[in-house]
Amino acid sequence: MIHVPKLNLRGSEATLRSAVKACRLPEQTWPVDILHRRLCVSQRTSRTVVLLADPAEVSRVLVESEKQFPKWMPIYRHSAARETGTGTIFASTDADWAPLRRAIKPLFHSSRWSLLVDVARHATLDATTTCNPVNIEAFFTAISVDVIMRTLVGDDADATADYHLAAIAQGLVEKQHAGDLHGAMQHIHELATTCTSRGPGAAAISGVDMAGALPPRPRPMQEPFLADNRLALLYAGQETTALTMSWCFWILGQDEELQSRLRSETRDAQAATGSLSPEAIGKMPRLMAVLRETLRLLSPSSATVRCTTQDETLCGQAIPANSVIVVPIYAIHRHRDLWDQPDTFDAERFLRPIKHPMAYLPFAAGRHTCSAARSVMYEMAAVLATMLDRFEWVTHAPEDMGLTNKLVLSPTSEMKVTLNALEPRGAAVIA
Ligand code: HEM
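Residues numbered from 1 in each chain as written. Predicted model: local features only at pLDDT ≥ 70, side-chain atom pairs only at ≥ 80, totals over all residues. Heavy atoms only, no water.

A. Main features of the confidence of the model for the chain. Scored by pLDDT, the chain comes out at a mean of 88, with 90% of its residues at no less than 70. pLDDT under 50 marks residues 208–213. Its contacts with residues more than four places away, or in other chains, come to 12 contacts. (pLDDT = per-residue confidence, 0-100. Contact = heavy atoms within 4.5 Å.)

B. Representation of the coordination of the iron atom of the ligand in the model. Of all protein atoms, just one serves as a donor to the iron atom of the ligand, and that atom is Cys370 (SG), at 2.3 Å. Structurally, Cys370 can be placed in the loop between α15 (329–333) and α16 (375–390). (Donors = N, O, S within 2.8 Å, 3.2 Å for Na, K, Ca; no water. Helix = DSSP H or I, 4+ residues; strand = E, 2+ residues; numbered from the N terminus.)

C. Looking closely at the nonpolar core. Judged by nonpolar contacts, the single largest core of 138 residues is most densely connected at Trp30, Phe140, Ile143, Ile281, Val326, Phe345 and Leu361. The greatest single-element share of this core, amounting to 14 residues, is contributed by helix α11 (residues 225–252). Beyond its immediate stretch of four places on either side in the chain, Phe345 contacts Ile2, Val4, Ile251, Leu258, Val290, Glu293, Thr294 and Leu297. (Core = buried A, V, L, I, M, F, W, Y, C linked by side-chain atoms within 4.5 Å. Buried < 20%, exposed > 50% of the residue type's maximum accessible area, 1.4 Å probe, protein only.)

D. Broad picture of the site of the ligand. The full set close to the ligand counts 29 residues, and Tyr76, Trp97, Arg101, Thr304 and Cys370 are the nearest of them. Between the ligand and the protein, one listed contact pairs an oxygen atom with a side-chain N or O atom of Arg101 at 2.8 Å. For the shell around the ligand, the element with the highest residue contribution is α11, accounting for six residues. Split by residue class, the shell around the ligand holds 18 nonpolar, nine polar and two charged. (Near = heavy atom within 4 Å. Polar contact = N/O pair within 3.5 Å; in protein donor to acceptor, adjacent residues only side chain to side chain. Nonpolar A, V, L, I, M, F, W, Y, C, P; charged D, E, K, R; others polar.)

E. Molecular detail of the pattern of salt bridges. Taken as a whole and judged by the stated rule, the model has 19 salt bridges. Across the pair Arg60 and Glu57 runs a salt bridge whose closest N-O atoms are separated by 3.1 Å. Here Glu57 and Arg60 lie together in helix α3 (residues 55–64), a separation of three residues that amounts to about one turn. Judged by relative accessible area, which is 13%, Glu57 ranks as buried. Within this structure, Lys6, Arg334, Arg336 and Asp343 form a network of salt bridges that share partners. (Salt bridge = Lys/Arg side-chain N within 4 Å of Asp/Glu carboxyl O.)

F. Looking closely at the sheet that holds strand β2 (residues 49–52). The strand order β1-β2-β6-β3 describes an open sheet built from four strands, whose pairing is mixed. In this open sheet, the two strands that pair with only one neighbour each are β1 (39–42) and β3 (304–307). Taking each pair of neighbouring strands and ignoring which way they run, the sheet shows an average axis angle of 20°. As defined by bridge partners, β1 adjoins β2 across four bridges and the pair is classed as antiparallel. Each bridged residue has a counterpart across the sheet, and for Cys40 the counterpart in β2 is Leu51. (Pairing = 2+ DSSP bridges. Axes fitted to C-alpha atoms, helices over the stretch in contact; angles between N-to-C directions.)

Put into structure tokens, the structure is as follows:
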């Protein structure tokens, strides 16, 4: 039986009073019955705070009537804007946000997925020689940072990184575990500065495509937005991706049989297509299902937050203007009405249709859906397929692991595995 840690939800309607805490501290503020209920409202202060887990109403808030329910900006100004600058895609209100979103969109276009997969494979092979794969979070952090640097903000695909990736990754993980966002951002600043001084990287967002694969864009981003958003991509992309890959690896280390089935699937797919490519990944449905199930149970974002601009009715209850609506992604992903055996790891469920599209929100939904929602799945699959080909592994003491919310959902202790090297048979050999 695979052990999957869970949050110890111990709040009540009274603890929902503070909107900032309801966004930041789910364990202390969300009532445990949000796993059964569709709506939980705290009306005790001047600002009403709502936890909304009803999929039809979530769809209205995030997708159908999204203009009526804008992002609640104070929560982003508290963290993202303070650390990355006010010109980022995260910190911008609607009018400023749209051109920024358009400017970064081509970076995630499907025409770049081959490059992404290839870079992810190289970054993984490099990390196995420069990092210690036993401490898996630092190992996957090095990979996710390297991939962002090489494909989005920094080096070109063939560059040899001369920043100290292993040390930066270790530092990032330590600061993130300590809940020290500012300290973590100093490492990210170091990376972003490296890429500006290295030359071609800055051009990645401003309009020059390192791989020659970008479709033309109408309005390239200019400084100072460029600098801020280079930081924002590192900020948004490294920890989320590294944690998801770490959890997936940590889970697979608990189930030898599942690991071996995925090894066969990923090797067969590479043999059938001749390389590790987006096409090969298209032939890895079980690996994708395992990644999706990992993101259901251990989605890095515990919530996304909106507000009301006028009086509304949600689930038949009147909600005044100026209320904060917390969409509790973590609780929706384990909601008793939306999932069978919600706390059990069962990747097969993603080989069948799910009950409601809004029951699954690891990348949020609507206009503010994660820009990398599709591309990052290819990246993570490429990294895991490369590791499956080269190693088998066993997770250390999984039952001692807990889950807590820092800026994102995080492990309570170091994630460790014992690795055993294999004779590679996948793309490394084919290529
Ligand atoms: C498994 C990995 C990832 C997960 C689970 C994830 C999840 C999310 C979520 C939930 C949001 C919405 C945040 C909100 O509520 O405002 C978001 C937004 C965003 N993500 Fe990701 N993300 C991942 C990887 C990445 C990567 C690799 C990048 C780029 C390098 C990225 C860039 C962004 C950007 C730019 C936004 C802002 C979109 C907007 O507001 O228009 N993400 N992501």
